[in-house]
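Each chain, letter by letter, is given below.
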Amino acid sequence: MFAVRFAILALLTFLAGANAGCDSPTCQEIFEVGDAVYILLKCMRSGDGFTVCIYEGSIKEDEAECEYSDKDGSLVAGDSVCPKTSKVDPSELGF
């Protein structure tokens, strides 16, 4: 069972890495909540200092939408499964 889960996670990680449509340093490419794995589908940077990250879940085929501050990576709004902070590195943003 562990080998199957590892293989699925490896495939999802590869697919998330192949997502060339999101160049934001704010969005995590993949994260887990319980048994569900969420992979990044797309991200949208607003002009006012926020980034919206949209993820697809592996178990229920649900989507999660998470909005983060570009300044400090904190979660501003989003679904309950969203990580409370993003992987943002303020030095990458030029602030």
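Worth saying up front: this structure is predicted, and the values here are computed from it rather than measured.

Some words on the overall build of the protein chain
Looking only at helices and strands, one finds 2 helices and 5 strands in the protein chain. Split into buried and exposed, the 95 residues of the protein chain put 35% on the buried side. For the protein chain, contacts bridging at least 24 residues in sequence account for 26% of all contacts bridging at least 6. Summing over all exposed atoms, the protein chain offers an accessible surface of approximately 5900 Å²; the carbon and sulfur share of this is 58%.

A few points about the state of the cysteines
Summed over the entire model, instances satisfying the criterion amount to 2 disulfides. Note that Cys66 is cross-linked by a disulfide to Cys82, the S-S spacing being 2.0 Å. The disulfide joining Cys66 to Cys82 has a torsion of about -90 degrees about its S-S bond and is therefore left-handed. Placement of Cys66 in strand S4 (residues 63-69) and of Cys82 in the loop between strand S5 (75-78) and helix H2 (90-93) is noted, with a sequence separation of 16 residues between them. Across the pair, exposure class does not vary: Cys66 and Cys82 are buried alike.

Examining the pattern of salt bridges
Two side chains that carry opposite charge are able to pair once their charged atoms sit near each other. For the structure shown, the criterion picks out 1 salt bridge. Salt-bridge contacts for Asp70 lead to Arg45; the nearest nitrogen and oxygen are separated by 3.4 Å. One end of the pair, Asp70, is in the loop between S4 and S5; the other, Arg45, is in strand S2 (residues 36-45), and 25 residues separate them in sequence. Assessed through its relative accessible area of 44%, Arg45 is described here as partly exposed.

Re the confidence of the model for the protein chain
Model confidence for the protein chain is summarised by a mean pLDDT of 76, while 64% of its residues fall at 70 or above. Here helix H1 (residues 2-17) is the element of the protein chain with the lowest mean pLDDT, 52, and S5 is the one with the highest, 93. Low pLDDT (under 50) marks residues 15-21, which in the prediction has 6 contacts with non-local residues, meaning those over four places away or in another chain.

Some words on the nonpolar core
Membership of the largest hydrophobic core is limited to 12 residues, which are Cys27, Phe31, Ala36, Tyr38, Leu40, Cys43, Cys53, Tyr55, Ala64, Cys66, Tyr68 and Cys82. Put simply, the parts of the chain that give this core at least two residues each are S2, strand S3 (50-57) and S4. Considering every element that reaches this core, the biggest residue donor is S2, with 4 residues. Apart from the residues lying within four places of it in its own chain, the contact partners of Ala64 are Tyr38, Cys53, Ile54, Tyr55, Asp79 and Val81.

Things to note about the packing of aromatic side chains
For the structure shown, the criterion picks out 2 aromatic pairs. Judged by centre distance (5.1 Å) and plane angle (10 degrees), the ring pair of Phe31 and Tyr38 falls under stacked. For Phe31, a relative accessible area of 7% gives the class buried. Measuring from ring centre to ring centre gives 4.8 Å for Phe31 and Tyr55, while their planes differ by 80 degrees; the resulting arrangement is edge-to-face. Of this pair, Phe31 sits in strand S1 (residues 30-33) while Tyr55 is found in strand S3, placing the two residues 24 residues apart along the sequence. The class for Tyr55 is buried, based on a relative accessible area of 0%. In textbook terms, an aromatic cluster arises when at least three aromatic residues are bridged by ring pairs, as seen for Phe31, Tyr38 and Tyr55.

Cut-offs and rules
Residues numbered from 1 in each chain as written. Predicted model: local features only at pLDDT ≥ 70, side-chain atom pairs only at ≥ 80, totals over all residues. Heavy atoms only, no water. Helix = DSSP H or I, 4+ residues; strand = E, 2+ residues; numbered from the N terminus. Buried < 20%, exposed > 50% of the residue type's maximum accessible area, 1.4 Å probe, protein only. Contact = heavy atoms within 4.5 Å. Areas by Shrake-Rupley, 256 points an atom, 1.4 Å probe, with all protein chains shown as cover. Disulfide = S-S within 2.5 Å. Salt bridge = Lys/Arg side-chain N within 4 Å of Asp/Glu carboxyl O. pLDDT = per-residue confidence, 0-100. Core = buried A, V, L, I, M, F, W, Y, C linked by side-chain atoms within 4.5 Å. Phe/Tyr/Trp six-rings, centres within 6.5 Å; stacked < 30°, edge-to-face > 60°.

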